[in-house]
Amino acid sequence: MSSQDQSQRWNTVDAYLADRLIGADAELDSALAFNAAAGLPAIDVSPPQGKLLHLLARSIGARRILEVGALGGYSTIWLARALPEGGRLVTLELEQKHADVAAANLARAGLAERVDIRVGPALDTLPKLETEAAGPFDLAFIDADKPNNANYFAWALKLARPGSLIIVDNVVRDGSVLAGTDAHAVGARALFDALAAEPRVTATAIQTVGSKGWDGFAIALVNG
Ligand code: SAH
Ligand code: DHB
Ligand code: MG
């Protein structure tokens, strides 16, 4: 089978899984439509991945969630929906335009009150969260500029508590993690070096295939 046929099958299976387990969802579907209309790149997590984030947040009873990289807020909607009454999500986004689209999508989803969007480079806004004592965050989802993944992991750990989950997207990227020389691959290896050297977390990574091709998530639990 050609690799094009293979990725077509991954897509078709992802569509099947999303049809059986997610179905039409007016708020999520319209968020993707508004993202496309605004010219945002279609690099949101896939629907099954978004639901995985949602289930992980719910299963740990997350009340405070940190996201690095909002884009149009698709993953933000999945995560914010997992919050109980009074829960809060802070999402950090570099681009004002992305933040504006995310704010509109979150408002349409009825989630504006639960979500705080901070615009700017995350390495500037993360220290402010520390100063404000905005944490500890029960779950952090890191999905921004990949070269900074190890830096974002260090910040997520600083803003966490024992029992927090730290999840990082795009850590395999077509296998480039092994030997790629681009900034993305170098960033992925720096993350794995940091995870391997960090006694305060227990971590794994899972390779994924689907509508986003061949990629993977790293998941770290902050030890008690
Ligand atoms: N989590 C989103 C997708 C995020 S795409 C979803 O699944 O729906 C990556 C986002 O990170 C983009 O919107 C990009 O503008 C943002 N980004 C890139 N560099 C950043 C930085 N230094 N600080 C914060 N956000 C950044
Ligand atoms: C791409 C995918 C992502 O999930 C992401 O966060 C950034 C880029 C991509 O496919 O280019
Ligand atoms: Mg991603």
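The structure reproduced in this document is the subject of the present report. What you see as residue numbers is a count from 1 along each chain, following the sequence as written. Written order determines the labels here, with chains lettered from A and ligands numbered from 1. With pLDDT at 70 or above as the cut-off, local features in this predicted model cover only qualifying residues; side-chain atom pairs require 80 or more to be listed or tallied, and sums for whole chains, interfaces and linings still use all residues. To obtain the side-chain values, all non-hydrogen atoms of the structure were used and water was disregarded.

With respect to the helices, strands and loops of the structure, Leu 157 is situated in helix H7 (residues 149–158). The spatial distance from the C-alpha of Leu 157 to the C-alpha of Val 115 is 21 Å, given a sequence separation of 42 residues. Residue contacts are counted whenever heavy atoms from the two residues lie within 4.5 Å of one another. If near-sequence neighbours (up to four positions away) are discounted, Leu 157 is found in contact with Ile 166, Glu 198, Arg 200, Val 201 and Val 222. A run of H or I in DSSP becomes a helix once it reaches four residues, and a run of E becomes a strand once it reaches two; helices and strands are each numbered from the N terminus.

In this text, near means that some heavy atom of the residue lies within 4 Å of the molecule or strand in question. As a structural note, the neighbourhood of ligand 1 is formed by 22 residues, with Val 45, Ser 75, Glu 93, His 98 and Asp 143 the closest of them. Between N or O atoms, a polar contact is any pair within 3.5 Å; within protein, one atom must be a potential hydrogen donor and the other a potential acceptor, and residues adjacent in sequence are included only when both atoms are from side chains. Ser 75 is positioned such that a nitrogen or oxygen atom in its side chain is 2.8 Å from a nitrogen atom of ligand 1. Calculation of accessible area relied on Shrake-Rupley with a 1.4 Å probe; when residues are assessed, cover is drawn exclusively from the protein chains displayed. Burial of ligand 1 by the surrounding chains reaches 90%, relative to a free accessible area of 580 Å². Those elements that place two or more of their residues in the shell around ligand 1 are helix H4 (74–80) and strand E2 (88–93).

Right, let's get into the coordination of the magnesium ion (ligand 3). Geometry reference: four tetrahedral donors at a metal, ideal angle 109.5 degrees. Six octahedral donors, ideal angles 90 or 180 degrees. Coordination sphere of the magnesium ion (ligand 3), protein contribution only: Asp 143 (OD), Asp 169 (OD) and Asn 170 (OD1), at 2.0 to 2.2 Å. Keep in mind that water is not among the atoms, so a site may look incomplete; donors are the N, O and S atoms within 2.8 Å of the metal, or 3.2 Å for Na, K and Ca. Look at where the donors of the magnesium ion (ligand 3) fall in the sequence and you get D-x25-D-N. Exposed residues in this analysis have more than 50% of their type's maximum accessible area, buried residues have under 20%, and partly exposed residues fall in between, with area computed by a 1.4 Å probe over protein chains only. What makes Asp 169 buried here is its relative accessible area of 2%.

So, on to the site of ligand 2. Every residue close to ligand 2 is listed here: Ile 43, Asp 143, Lys 146, Asp 169, Asn 170, Arg 173 and Lys 212. Ile 43 has a polar backbone atom sitting 3.4 Å from an oxygen atom of ligand 2. Classifying every residue of the shell around ligand 2 gives one nonpolar, one polar and five charged. Lys, Arg, Asp and Glu make up the charged group, whereas Ala, Val, Leu, Ile, Met, Phe, Trp, Tyr, Cys and Pro make up the nonpolar group; the residues left over, Gly among them, are polar.

Our focus in this paragraph is helix H5 (residues 96–108). Any helix carries an expected span of 1.5 Å times its number of residues minus one. Counted at 1.5 Å a residue, the expected span for H5 with its 13 residues is 18 Å, and the 18 Å between its end C-alpha atoms agrees. Those residues of H5 that sit buried are His 98, Ala 99, Val 101, Ala 102, Asn 105 and Leu 106. Relative to the axis of H5, the buried residues are bounded by an arc of 165 degrees and lie together on one face. Buried residues in H5 make contact with helix H2 (26–37), H4, E2 and strand E3 (115–119). Note on H5: the residue one or two positions beyond its end, Gly 110, has a positive phi of about 75 degrees. Taking the helix axis as origin, the arc is that swept by the directions to the C-beta atoms.

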